[in-house]
Number of protein chains: 2
Amino acid sequence: MKKALEFEIHHRLDGALARTGTITTPHGLIETPAFIPVGTKATLKALTPEQLRAAGAQAVLVNAYHLYLRPGHELIDRAGGVHEFMHWDGPTFSDSGGFQVMSLGVGFKKVVDMEGDPDQKTTNKKDKLAWIDNDGVNFKSHLDGSMHRFTPELSMQIQHGVGADITFAFDELTTLFHDYDYQVESLHERTHPWAVRSLAEHKRLNVERSHRPPQALFGVVQGADHEDLRRECARFLGGMDFDGYGLGGALRKSNIGNNVRWMCEELPEDKPRHMLGISEPDDIFDCIENGADTFDCVSPARVGRNGALYTKRGRVNITRSEFKEKLEPFDADCDCYTCQNFTAAYLHHLFKSDELLSNTLATIHNERFIVRLVDDIRASIADNSFFDFKQEFLAGYYSKRESA
Amino acid sequence: MKKALEFEIHHRLDGALARTGTITTPHGLIETPAFIPVGTKATLKALTPEQLRAAGAQAVLVNAYHLYLRPGHELIDRAGGVHEFMHWDGPTFSDSGGFQVMSLGVGFKKVVDMEGDPDQKTTNKKDKLAWIDNDGVNFKSHLDGSMHRFTPELSMQIQHGVGADITFAFDELTTLFHDYDYQVESLHERTHPWAVRSLAEHKRLNVERSHRPPQALFGVVQGADHEDLRRECARFLGGMDFDGYGLGGALRKSNIGNNVRWMCEELPEDKPRHMLGISEPDDIFDCIENGADTFDCVSPARVGRNGALYTKRGRVNITRSEFKEKLEPFDADCDCYTCQNFTAAYLHHLFKSDELLSNTLATIHNERFIVRLVDDIRASIADNSFFDFKQEFLAGYYSKRESA
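Residue numbering note: each chain is counted from 1, following its sequence as written. The naming scheme follows written order: chains are lettered A onward, ligands numbered 1 onward. Confidence filtering applies because this is a predicted model: local features only for residues at pLDDT of at least 70, side-chain atom pairs given and counted only at 80 or more, and all residues used for totals across whole chains, interfaces and linings. Note: side-chain values were computed over all heavy atoms of the structure, leaving out hydrogens and water.

For chain A, the name recorded in an unreviewed UniProt entry is Queuine tRNA-ribosyltransferase, with Candidatus Mycosynbacter amalyticus as its organism. UniProt positions are given in the numbering used here, feature names are shortened, and annotations may be inferred rather than shown by experiment. According to UniProt, the comment filed for chain A under the heading Sequence similarities (unreviewed entry) is "Belongs to the queuine tRNA-ribosyltransferase family."

This is the structure in structure tokens:
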């Protein structure tokens, strides 16, 4: 069988865990470190795949939970997989759905119901949308309230139907509000056994579906903000036959670099590592410095649609009156389609007029900004200028924060 | 001074007023007959200019009223004109604002207040948004309720600030509810004198602004549904030094071909004629058959954003369940970007999920459909197969209507 994924390391940064490399998938290459834009429902919102490619994106991450509910992974499978379905011919990732299913408890201000849950006291029975047990998760669809159940096996079946090149094992998302005992139980009773079950089902499916390009599976390291648990989980999963690793779960922003380092020091060095849900520049530098190769986030597109555009001096809202008559590019140094062809005044006009093209142009700029930042970080690793570049970039980007 | 517009006629259809030709503007050519998509606020909603060009659009029509209110024509002028502002390098049209200002009375279910107005009895003082006199129109902004006044001179100043290649004289929009006496008064007291004033101001501005590409001015023929008034107005304006003519105002759909014929029989044959606000296939055939060269409409984009897509068998809504699992192009014969690269099931998914890309893909399909239809009509005039093509196309397009 053709290999699902190969990873070659090109450069290692002196004095840190950062490295550059190339991930090879059946749908092409990803030069790492790389930022992976998120197309949750098999579409990157206001962009065509060609526009996303022109912004420099190497791959797209889609969402198993959303695609399971609509249009259904069986349909995407019959379409020939998500590449065919969404007309994106490059590499793709799909997450396991674990985050979405369990954040029905957390992210939607609801509470996950389970024994030992320290949030138990705030549980409101009628608000509950997800119920976890050691075999899987029952949850209510956010679309129509219908009941569903995810298990590691179903998550893998969905992700094989979707057909992304890189998939993730089904894990339990804990929060920082869960106590240490709960974090231990979560690892031992669910995340670890679920990783074993995900891997077994994944291998079975890769054989059963040998008419399709082989898919890769990343195990997801949990452990919240605890060094011993992060290291234990990374060692446990690192001993298994995964193609790479996801770095997931809750942690304090100030501790993100340490968390990534704890995991990457334990993980096999020759496999790629994907940090889930990261896009702030300071986080990006910290994660790469400590061994992360790829990361994804919806944020550049989401804040862009609200008019918040990235600059080297931080995010700025284009609806501010200073841009009303600025007949120059929003960022004269930016090589994106938007800044190359439109003025700040035109962008301001589109946002003030609630015009749809505002979403497209702002998303292109923001995705390009983050993709290019990571491209520049990659180059700085290759020529060992990473620390200088990090200091210079972050001093400019957060200059307002520091001077405030 | 360089000519603002040239028009060359290539073919005349036997037995009708239809013709093919080429309009030459400072920003390029328009092969006629041609459908001109509408980018009201200097943007075609969900499309970039490149996407609109790829759909086959030769020119874009923008709106003086909207651009006057926001971002302001002075700003567009300082940007170098609307071509530069919106990044569209092809020919552009701008309408005079007359329709928008006066439809604040009609289109928004409000009533225009004037002596002799047959709608006077329904006037509700607090609903009034526009007041017409023989010198111009006072109106309230639909954005903030602020008061403004348009005159023929200001309309031309706005349109020269906007800088479209083809502009329209400021005229009075009447409705079919106005009686004959009112229609006569409107022509003699307002539309005719306003045409004279528009032309004088336009000529002055073309001289004063000789640093800019010269702009063309089309006089707008009114007269509602009355043959004698249509012919009188066309003769009056036809004797003036306009570069072409707009066919405007209210008429019954069943009488559209006659109206266009009455006007075109009186207008000078060597100048182009633009029918304002037309995009239904039967209307398109009738207008072209009777001498219209170009026409514009917001409808293909607007109905597309609501999921109604054109086919040779009429418009069909993509949200219908029959498309949920249709893993083929929406229209296998269509050469648009959407049908070439995505399935009907994917479009259905985007609409069901309220995804922004739905607007882009549906607009591309619909604009391409109408542009291509008019391209085909142009070819059918050149080889004298127009009547056969008309019969065949309309029989298919309205087959449900006929069999119902």
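Draft legend 1. Spotlight on the pairing of strand 11 (residues 216-221) of chain A. Residue and element names in this part refer to chain A. Burial status follows relative accessibility: with a 1.4 Å probe on protein chains alone, a residue under 20% of its type maximum counts as buried, one over 50% as exposed, and anything between as partly exposed. Here a strand is any run of E in DSSP of at least two residues, a helix any run of H or I of at least four, and the numbering for each starts at the N terminus. Within strand 11, 6 of the 6 residues are buried, which leaves the element mostly enclosed by the surrounding structure. Pairing between strand 10 (residues 166-168) and strand 11: 3 bridges, direction parallel. Bridging across to strand 11, Ile166 finds its partner in Ala216. You can see the chain leave strand 10, run along helix 7 (residues 180-208) and come back into strand 11, and the turn it takes is right-handed. Direction of pairing for strand 11 relative to strand 12 (residues 244-247): parallel, over a ladder of 4 bridges. Paired with Gly219 across the two strands is Tyr245, which belongs to strand 12. With helix 8 (residues 227-238) bridging strand 11 and the parallel strand 12, this β-α-β connection has right-handed handedness. Two strands qualify as a pair provided DSSP detects at least 2 bridges between them. Handedness of a crossover: with both strands directed away from the viewer, a clockwise path from the first strand across the helix to the second marks it as right-handed.

Draft legend 2. Region of the structure containing the state of the cysteines. By convention in this document, the label disulfide applies to cysteine sulfur atom pairs within 2.5 Å. In this structure the tally under the stated criterion is 0 disulfides over all chains. Residue Cys339 of chain A stays outside any disulfide, its sulfur separated by 3.9 Å from that of Cys336 of chain A, the closest cysteine.

Draft legend 3. The arrangement of the UniProt feature "binding site: substrate" (unreviewed entry) in chain A in detail. Residue and element names in this part refer to chain A. In the numbering used here, UniProt assigns the "binding site: substrate" (unreviewed entry) feature to Asp95, Ser96, Gly97, Gly98, Phe99, Asp171, Gln222 and Gly249. Structurally, Phe99 can be placed in helix 5 (residues 98-106). Judged by relative accessible area, Phe99 falls into the partly exposed class, the value being 48%. Locating Gly249 in the fold gives a position in the loop between strand 12 and helix 9 (256-266).

Draft legend 4. A look at the relation of the copies chain B and chain A. Superposing the copies works by least squares over the C-alpha atoms of residues that have pLDDT at least 70 in both of them. Superposition record for chain B on chain A: RMSD 0.0 Å, screw rotation 180 degrees, translation along axis 0.0 Å. Both chain copies can therefore be described as sitting about a two-fold axis. Any two residues whose heavy atoms approach within 4.5 Å are treated as being in contact. Both copies share a contact surface, since 100% of the interface residues of chain B are interface residues in chain A too.

Draft legend 5. Inspection of the UniProt feature "binding site: Zn(2+)" (unreviewed entry) in chain A at higher detail. Residues and elements named next belong to chain A. When the UniProt feature table is mapped to this numbering, "binding site: Zn(2+)" (unreviewed entry) covers Cys334, Cys336, Cys339 and His365. The annotated residues occupy 32 residues of the chain but converge on a single region, no pair of C-alpha atoms lying more than 8.2 Å apart. Along the chain, Cys334 turns up in the loop between strand 16 (314-317) and helix 12 (337-341). With residues near it in sequence (within four places) discarded, Cys334 still touches Cys339, Gln340, His365 and Arg372. Within the secondary structure, Cys336 is located in the loop between strand 16 and helix 12. Judged by its relative accessible area of 2%, Cys336 falls in the buried class. Sequence-distant contacts of Cys336, that is, excluding residues within four places in its chain, are made with Ile364, His365, Arg368 and Arg372.

Draft legend 6. Examining empty space enclosed by the protein more closely. With a 1 Å grid spanning the protein atoms alone, the term cavity applies to any set of points in which a 1.4 Å probe fits but cannot get out, the term pocket to an open set with protein on both sides within 12 Å along at least five of seven lines, and the term lining residue to any residue with an atom within 4 Å of a point. Grid points are joined across faces, edges and corners, and a volume is the space filled by probe spheres set on the points. For the structure on display, the rule yields 6 cavities of 30 Å³ or more. Its boundaries defined by the atoms lining it, the largest cavity holds a volume of some 50 Å³. Lining the largest cavity are Thr43, Leu44, Leu47, Thr48, Pro49, Leu52, Met86 and Trp88 of chain A together with Tyr346 and Leu357 of chain B. Each residue belonging to the lining of the largest cavity can be placed in one class, and the counts come to 8 nonpolar, 2 polar and no charged. In this classification, the charged set is Asp, Glu, Lys and Arg, the nonpolar set is Ala, Val, Leu, Ile, Met, Phe, Trp, Tyr, Cys and Pro, and all remaining amino acids, among them Gly, are polar.

Draft legend 7. Examining the sheet that holds strand 9 (residues 147-150) of chain A more closely. All names here are of chain A. Reading across from one edge, 7-8-9 is the order of the 3 strands in this open sheet, with antiparallel pairing throughout. What marks the edges here is a single partner per strand, and that holds for strand 7 (130-132) and strand 9. Going across the sheet, the axis of each strand differs from the next one's by a mean of 15 degrees, ignoring polarity. In this structure, strand 8 (residues 137-140) lies alongside strand 9, joined through 4 bridges in antiparallel fashion. Bridge assignment links Val137 to a residue of strand 9, and that residue is Phe150. Helix axes are fitted only over the stretch in contact, all axes being lines through C-alpha atoms; the angle between N-to-C directions runs from 0 to 180 degrees.

Draft legend 8. Representation of unusual backbone geometry within the structure. Residues and elements named next belong to chain A. Between Thr32 and the following residue, Pro33, the backbone shows a cis peptide bond with an omega angle of 0 degrees. By secondary structure assignment, the location of Pro33 is in the loop between strand 3 (28-32) and strand 4 (34-37). Between Arg70 and Pro71 the backbone carries a cis peptide bond, its omega angle lying at 5 degrees. Positionally, Pro71 belongs in the loop between helix 2 (64-69) and helix 3 (73-78). For His87, which is not glycine, the phi dihedral falls at a positive 60 degrees. Mapped onto the elements of the fold, His87 is located in the loop between helix 4 (82-86) and strand 6 (92-95). We classify His87 as partly exposed; its relative accessible area is 21%.

Draft legend 9. Region of the structure containing the interface of chain B and chain A. Counting residues at the interface gives 38 residues for chain B, matched by 38 residues for chain A. Note on terms: buried area is the combined drop in 1.4 Å-probe accessible area of two parts once they are placed together, counting the loss on both. Carbon and sulfur atoms supply 59% of the area buried between chain B and chain A, which totals about 3300 Å² over both sides. On the chain B side of the contact with chain A, His349, Glu355 and Leu356 of chain B bury the most area, a combined 17% of that side's loss. A side-chain nitrogen of Lys or Arg and a carboxyl oxygen of Asp or Glu constitute a salt bridge if their distance falls within 4 Å. For the pair chain B and chain A, the number of links is 6 salt bridges. Of the charged contacts in the structure, one is a salt bridge between Glu325 of chain B and Arg78 of chain A, with a shortest N-O distance of 2.8 Å. Polar contact is the term for a pair of N or O atoms within 3.5 Å; when the atoms are in protein, one must be able to donate a hydrogen and the other to accept it, and sequence-neighboring residues count only if both atoms are side-chain atoms. Put simply, chain B and chain A have 18 residue pairs in polar contact (both at pLDDT 80 or more) between them. Of all the elements in the fold, those that place two or more residues in the side of chain B that touches chain A are helix 1 (49-54), helix 3 (73-78), helix 4 (82-86), helix 12 (337-341), helix 13 (344-352) and helix 14 (357-382) of chain B. Of the residues belonging to the side of chain B that touches chain A, the class tally is 18 nonpolar, 10 polar and 10 charged.

Draft legend 10. Layout of the nonpolar core. Counting residues in hydrophobic clusters, the biggest one holds 104 residues, and the most contacted among them are Phe330 and Tyr346 of chain A together with Phe330 and Tyr346 of chain B. Contact partners of Tyr346 of chain B, with chain neighbours within four places excluded, come to Ala42, Thr43, Phe85 and Met86 of chain A together with Leu357 and Leu361 of chain B. In this description, a nonpolar core means a group of buried Ala, Val, Leu, Ile, Met, Phe, Trp, Tyr and Cys residues linked to one another through side-chain atoms lying within 4.5 Å.

Draft legend 11. The sheet that holds strand 7 (residues 130-132) of chain B, seen in detail. Residue and element names in this part refer to chain B. If you walk across this open sheet you meet the 3 strands as 7-8-9, and the pairing is antiparallel. With partners counted over all chains shown, the strands left at the sheet margins are strand 7 and strand 9 (147-150), one partner each. Averaged over all pairs of adjacent strands, the angle between strand axes in this sheet comes to 15 degrees, irrespective of strand direction. Bridge analysis of strand 7 against strand 8 (residues 137-140) gives 3 bridges, and the strand direction is antiparallel. When the sheet's bridge partners are listed, Ala130 is paired in strand 8 with Phe139.

Draft legend 12. Spatial organisation of the pattern of salt bridges. Enumeration according to the criterion identifies 64 salt bridges over all chains in this entry. The salt bridge involving Lys253 of chain A is made with Asp282 of chain A; its shortest N-O contact spans 3.1 Å. Linking Lys253 of chain A in the loop between strand 12 and helix 9 with Asp282 of chain A in helix 10 (residues 281-289), this pair joins segments that are 29 residues apart in sequence. Lys253 of chain A gets classed as partly exposed once you look at its relative accessible area, which sits at 44%. Its relative accessible area of 11% is what places Asp282 of chain A among the buried residues. With a shortest N-O distance of 3.2 Å, Lys390 of chain B and Asp286 of chain B are connected by a salt bridge. Here Lys390 of chain B, found in helix 15 (residues 386-397), pairs with Asp286 of chain B, found in helix 10 (residues 281-289); they are 104 residues apart in sequence, far enough to count as distant. Through salt bridges that share partners, Glu227, Arg231, Arg235, Arg261, Glu265 and Glu266 of chain A make up one connected network.

Draft legend 13. A look at the packing of helix 13 (residues 344-352) of chain A against helix 14 (residues 357-382) of chain A. Residues and elements named next belong to chain A. Close contact between helix 13 and helix 14 brings their axes to 8 Å; oriented N to C, the two are set at 135 degrees. Classed by the angle they form, the pair helix 13 and helix 14 counts as oblique. Relative to helix 14, helix 13 is oriented so that their crossing is left-handed. In this structure, helix 13 uses Tyr346, Leu347, Leu350 and Phe351 to contact helix 14, whose residues at the interface are Leu357, Ser358, Leu361 and Ala362. Taken together, the residues of the contact of helix 13 with helix 14 break down into 7 nonpolar, 1 polar and no charged. We call two directions roughly parallel when the angle between them is under 35 degrees, roughly antiparallel when it is over 145, roughly perpendicular when it lies between 65 and 115, and oblique otherwise. Here is the rule for handedness: rotate from the far helix to the near one, and if that takes an anticlockwise turn smaller than a right angle the crossing is left-handed, while a clockwise turn gives right-handed.

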